[in-house]
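Spelled out from the first residue to the last, the chains are:
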Amino acid sequence: MTGLVTLSSGLRQPSSTRLLADRLESATRAALEAEGRTVDATMLELRPLGHDIMDAMLTGFPSERLEAAFGELAGADAVIAVTPAFNASFSGLFKSFFDVLPEETLADMPVLIGATGGTERHSLVLEHALRPMFSYLHAIVSPRGVYAATDDFGTASAGSALAARVDAAAADFTRLIAGCGPRTRRSADDEDLTSMRALLGG
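Each chain carries its own residue numbering, running from 1 in the written order of its sequence. Only residues with pLDDT of at least 70 get local features here, since the model is predicted, and only at 80 or more are side-chain atom pairs given and counted; chain-wide, interface and lining totals rely on the full set of residues. Side-chain measures here rest on the full set of heavy atoms in the structure, leaving out hydrogens and waters.

Colleague: Is there a simple way to explain the overall build of the protein chain in this structure?
Modeller: Secondary structure counts use DSSP, requiring at least four H or I residues in a row for a helix and at least two E residues in a row for a strand, with both numbered from the N terminus. Summing up its helical and strand segments, the protein chain has seven helices and seven strands in all. Its C-alpha atoms give the protein chain a radius of gyration of 17 Å, within 12% of the compact-globule value 17 Å for 202 residues. In terms of overall dimensions, the protein chain has a C-alpha envelope of 65 × 40 × 30 Å along the principal axes. Burial classes follow relative accessibility: with a 1.4 Å probe on protein chains only, a residue under 20% of its type's maximum area counts as buried, one over 50% as exposed, and anything between as partly exposed. Burial analysis of the protein chain (202 residues in total) assigns 44% to the buried set. With C-alpha atoms as the basis for the radius of gyration, the globule rule is written as 2.2 Å multiplied by the number of residues raised to the power 0.38.

Printed below as a string of structure tokens:
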């Protein structure tokens, strides 16, 4: 069983960010099932958690709903993360969620990144913002992310091009998940305990 969590931080309903997230999840699920894997997929929307995220930033204490979201990510085998682009970077909601996420939650986690925006001008958000952040969080970022501009959802030809990019990214991501093997969950507490034992042993 492969636990797949897809995180979408779209701010509007309907949302092109959620639409891209759905397509990436569907393509990844199909690619994994083609390899004989059973997939348990979960969609995690950040928009309903906006107030909880801000409260956690201000107080340092996550709500039960936010703790449940953290648990979903911690228990996953792979994560798809999609954000709208603002001023060539990720959204504030998206970044704030990862600011309050417990350390080491994404350590050694295969992650597929995606982003949406009004024009192609924002496409470098994948390499300049998302990839460095997830690398800092010790995730294993899939080599091929997907950016979708408004025009990608407009015409049949553009839609076909987006579908091809989504399928290629899902294929790469599936190979990454297989290559990483079973994931060992880690937490900041585990890291502290290991360090303390090393000190005491010394």
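Colleague: Looking at this structure, I do not really get the environment of Leu49. What am I missing?
Modeller: Looking at where Leu49 falls in the secondary structure, it is placed in the loop between β2 (39-45) and α2 (50-59). The exposure class of Leu49 is buried, given its relative accessible area of 6%. Considering only alpha carbons, one finds Leu49 and Ala164, 115 residues apart in sequence, at a separation of 32 Å. Whether two residues are in contact is decided by their heavy atoms, any of which lying within 4.5 Å being enough. If we ignore the near neighbours within four places in the chain, the residues touching Leu49 are Leu44, Arg65, Leu66 and Ala69.

Colleague: Where do I start with the pairing of strand β1 (residues 2-8) in this structure?
Modeller: Consecutive side chains of a regular strand alternate in pointing toward one face of the sheet and then the other. Counting buried residues in β1 gives seven out of seven residues, a clear majority hidden from the surface. Residues of β1 alternate between two faces, with Thr2, Leu4, Thr6 and Ser8 on one and Gly3, Val5 and Leu7 on the opposite face, all of them buried. Paired strands, in this sense, are two strands between which DSSP finds at least two bridges. Pairing geometry for β1 and β2, over seven bridges, is parallel. Following the sheet pairing, Leu4 is matched in β2 by Ala41. Taken together, β1, helix α1 (residues 16-34) and β2 form a β-α-β motif whose crossover is right-handed. Sheet analysis places β1 next to strand β3 (residues 78-86), joined by five bridges and oriented parallel. Bridging from a neighbouring strand, Leu4 pairs with Ala78 of β3. With the strands pointing away from the viewer, any crossover whose connection runs clockwise from the first strand over the helix to the second is right-handed.

Colleague: Is there a simple way to explain the packing of aromatic side chains in this structure?
Modeller: In this scheme Phe, Tyr and Trp rings, the latter by its six-membered ring, pair at centre separations within 6.5 Å, and the angle between planes marks the pair as stacked below 30 degrees, edge-to-face above 60, and tilted otherwise. Counting across every chain of the model gives six aromatic pairs. Residues Phe94 and Phe134 carry aromatic rings whose centres are separated by 6.2 Å and whose planes lie at 75° to one another, so their mutual orientation is edge-to-face. Of the two residues, Phe94 sits in helix α4 (residues 92-100) while Phe134 sits in helix α5 (residues 125-136), which places them 40 residues apart along the sequence. With respect to burial, Phe94 and Phe134 carry one shared label: buried.

Colleague: Mind showing me how you'd approach the confidence of the model for the protein chain here?
Modeller: Detail in the predicted coordinates should be disregarded across regions flagged by low pLDDT. Confidence per residue, as judged by the predictor, is encoded in pLDDT with a range of 0 to 100. Of the residues in the protein chain, 91% reach a pLDDT of 70 or more, and the chain-wide mean stands at 91. For the protein chain, the element scoring lowest by mean pLDDT is helix α7 (residues 188-201), at 53; strand β6 (residues 140-141) scores highest, at 98. This model gives residues 190-195 a pLDDT under 50, and the stretch forms three contacts once residues within four places in sequence are excluded.

Colleague: Explanation requested: unusual backbone geometry in the structure shown.
Modeller: What you tend to see is this: most non-glycine residues have negative phi, and most peptide bonds are trans. Along the chain, Gln13 connects to Pro14 via a cis peptide bond; the corresponding omega equals 0°. With respect to the helices and strands, Pro14 occurs in the loop between β1 and α1. Unlike most non-glycine residues, Asn87 shows phi in positive territory, near 50°. With respect to the secondary-structure elements, Asn87 resides in the loop between β3 and β4 (89-90). You can call Asn87 exposed: its relative accessible area is 75%.

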